[in-house]
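Examination of the molecular architecture
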Amino acid sequence: MVSEHASPLAALGGADAGGQNVHVAALASGLARRGHDVTVFTRRDDAGLDAAVSFAPGVTVEHVPAGPARHVPKDELAVHMPVFGAWLRERWSPAPPDVVHAHFWMSGLAAVRAASGAVPVVQTFHALGLVKRRHQARADTSPPGRIAAEREVGRRAAAIIATCTDEVRELAGYGVPPERTYVVPCGVDCDRFRPDGPADSGGLWPGASARPRPWPSGSDAGPRLRVLTLGRQVPRKGTDTIIAALAQLPQADLVVAGGPPAQLLGADPEIARLRSAAAAAGVADRVRFAGQVPHASIPALIRSADVVACDPWYEPFGMVTLEAMACGVAVVASAVGGHLDTVSDGTTGLLVPPRDPAALAARLRDLLAWPDWRRSLAAAAARHARGRYRWEQIAAETEAVYGWVRAAASAGRESDGVRS
């Protein structure tokens, strides 16, 4: 596997560390449990890192010397991909891997150039530059050559794994042949993200760090809704929409988890923007910023909430939504990207138009008014997550794609059909 900026060893919640890190780590481990030897190649971003680190049984992480040995924002890494690719080519020369799976467009660029057609490359984009530019316009910080590079990778990869059905349509716009496109979603660790574990908000909710279910009424305010939003705190995640919706729902409190560590929140420009939005909406006393949350603490934090709200402008998959569903917590998510696959509106959660505070507030108000329905949605979500998205199943489906591309390569022909 090639994952140039998203190491499975990285702490989650920062600007460039999130769902892709979880995906690479879990998929690599899942494949290893199926008997494969997996090496994850990621860029060395710290001079103190060992050249190779054992991550899990059967999984090794190798740090590639490409660019300075320090953190570099991912949008500034493209210039280092020729060195990254040349290093991979030399590393693979004496003993080529059976298959290469690249994650993100820059990894794909390095991988297809390193493999030079001798080894089949499977590509997962995780996000597409064309979609990002559509939604962010001038705020898009991607390098100018990103879309052209993605088209190149799409042409040269043996197969593309899309994480949701909406991405198949977007890939067609790149000219990627449908017979080389497979749909394999992201997964969730159902042993960690489960409904019956502890619920602990770490003191972030007013009054108590943990609570029984159902949450008892306050002494004079009636029942309150505890809303959590979790993930990288960047504008496109739509946290400001959730804050605006809170202003229309006086019986709700919000915890915003993710971003820099708690002690650095005061210096973060995005957190400052969100705090200003909360103050302008008159809800500053009902919004708490948790900062970066240890990955081991996330399931308990999710279970301490009544609802998890995810309202990004666009979403290639939406790991947080799936994790909340697996924990048996009701979700309200924007009707975009991967959410359209994971959330069945009115059955396993609720979908709302993105960037629409009034619509979001209305659905949250419904969940407050009908706690039995909220619990029904949550229970159905947990069953769906466990039945469709366990990492064991995702690893098996990914393994099948590897088998198809290897067979096609050995036979000198392409595999056929869009499989999901």
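Residues numbered from 1 in each chain as written. Predicted model: local features only at pLDDT ≥ 70, side-chain atom pairs only at ≥ 80, totals over all residues. Heavy atoms only, no water.

It is worth spelling out unusual backbone geometry at this point. For His126, which is not a glycine, the phi torsion comes out positive at approximately 70 degrees. In this fold, His126 is placed in the loop between strand E5 (121-124) and helix H4 (129-136). A relative accessible area of 12% places His126 in the buried class. With a phi close to 60 degrees, Arg355 is a non-glycine residue in the positive phi region. Within the element layout of this structure, Arg355 appears in the loop between strand E13 (350-352) and helix H12 (357-369). (Helix = DSSP H or I, 4+ residues; strand = E, 2+ residues; numbered from the N terminus. Buried < 20%, exposed > 50% of the residue type's maximum accessible area, 1.4 Å probe, protein only.)

With respect to topology, six strands assemble into an open sheet ordered E10-E9-E8-E11-E12-E13, the strand pairing being parallel. Taken across any chain shown, the strands that pair with only one partner, and hence form the sheet edges, are strand E10 (287-291) and E13. For this sheet, the mean angle separating the axes of adjacent strands, direction not counted, is 25 degrees. (Pairing = 2+ DSSP bridges. Axes fitted to C-alpha atoms, helices over the stretch in contact; angles between N-to-C directions.)

Estimated volume of the second largest pocket: approximately 520 Å³. Together, 20 residues line the second largest pocket, and Asp37, Val38, Pro97, Asp98 and Val99 are the ones closest to its centre. Looking at the lining of the second largest pocket, the elements that each hand over two or more residues are strand E1 (38-43), helix H2 (81-92), strand E4 (100-103) and helix H14 (391-411). Element by element, the count of residues in the lining of the second largest pocket is highest for H14, at four residues. For the lining of the second largest pocket, the class distribution of residues is eleven nonpolar, four polar and five charged. (1 Å grid on protein atoms, 1.4 Å probe; cavity = no way out; pocket = protein on both sides within 12 Å on 5 of 7 lines; lining within 4 Å. Points joined across faces, edges and corners; volume = space filled by probe spheres on them. Nonpolar A, V, L, I, M, F, W, Y, C, P; charged D, E, K, R; others polar.)

Next up on the list: helix H3 (residues 105-115). With ten of eleven residues buried, H3 lies mostly within the body of the structure. On its buried face, H3 is in contact with H2, E4, E5 and helix H5 (146-156). Two residues or fewer after H3 comes Ser116, characterised by a positive phi angle close to 50 degrees. (Contact = heavy atoms within 4.5 Å.)

Examined against the element boundaries, Asp253 turns out to sit in strand E9 (residues 252-257). A distance of 2.9 Å separates polar atoms of two side chains, one belonging to Asp253 and the other to Arg224. (Polar contact = N/O pair within 3.5 Å; in protein donor to acceptor, adjacent residues only side chain to side chain.)

Enumeration according to the criterion identifies five aromatic pairs in this entry. Ring centres 6.2 Å apart and planes at 65 degrees place the aromatic pair Phe41 and Trp87 in the edge-to-face group. On the criterion of sequence distance, the pair formed by Phe41 in strand E1 and Trp87 in helix H2 is long-range, its members being 46 residues apart. Phe41 gets classed as buried once you look at its relative accessible area, which sits at 5%. Overall, Trp87 belongs to the partly exposed group, its relative accessible area being 24%. One Lys or Arg, Arg236, reaches over the ring of Tyr314 and ends 4.8 Å from the middle of that ring. A cation over a ring is seen here: Arg388 above Tyr389, with NZ or CZ 5.5 Å from the ring centre. (Phe/Tyr/Trp six-rings, centres within 6.5 Å; stacked < 30°, edge-to-face > 60°. Lys NZ or Arg CZ within 6 Å of the ring centre and 35° of its normal.)

Let's shift gears to empty space enclosed by the protein. Within the structure shown, the criterion is met by one cavity of 30 Å³ or more. Roughly 30 Å³ of internal volume is contained in the largest cavity. If you trace the largest cavity, you find it lined by His23, Leu27, His101, Ile161, Val184, Pro185, Trp391, Ile394 and Thr398. Mapped onto the lining of the largest cavity, the elements with two or more residues apiece are helix H1 (19-33) and H14. The class makeup of the residues in the lining of the largest cavity is six nonpolar, three polar and no charged.

We now examine the confidence of the model for the protein chain. On average, residues of the protein chain score 91 in pLDDT, and 92% of them reach the 70 mark or higher. Low pLDDT, under 50, characterises residues 208-221; the stretch is placed with 24 contacts to residues that sit more than four places away or in other chains. (pLDDT = per-residue confidence, 0-100.)

Note on placement: Gln123 falls in strand E5. Through-space distance from the C-alpha of Gln123 to that of Val2 is 9.5 Å; in sequence the pair is 121 residues apart. Excluding residues within four positions of it along the chain, Gln123 makes contact with His101, Ala102, Phe104, Trp105, Gly108, Val153, Ala157, Ala159, Ile160 and Ile161. Here Phe104 takes part through its backbone oxygen, which lies 3.0 Å from a polar atom of the side chain of Gln123.

To continue, consider the pattern of salt bridges. Within the structure shown, the criterion is met by 23 salt bridges. Where Arg91 meets Glu62, a salt bridge forms, and the shortest distance between an N and an O atom there is 2.7 Å. Of this pair, Arg91 sits in helix H2 while Glu62 sits in strand E3 (residues 59-64), and the two are 29 residues apart along the sequence. A salt bridge links Lys132 to Asp75, with the nearest nitrogen and oxygen atoms 3.8 Å apart. With Lys132 in helix H4 and Asp75 in the loop between E3 and H2, this pair connects stretches of sequence that are 57 residues apart. Residues joined by salt bridges that share partners form a network here, namely Arg134, Asp166, Arg169 and Glu170. (Salt bridge = Lys/Arg side-chain N within 4 Å of Asp/Glu carboxyl O.)

Mapped onto the elements of the fold, Tyr314 is located in the loop between strand E11 (307-310) and helix H10 (319-326). Along the backbone, Tyr314 and Gly337 are 23 residues apart, and their C-alpha atoms lie at a distance of 6.2 Å. Look past the residues within four positions of Tyr314 in its chain and what remains in contact with it is Val131, Lys132, His135, Gln136, Arg236 and Val336. Polar contacts involving the side chain of Tyr314 include one to the side chain of Gln136, which spans 3.1 Å.

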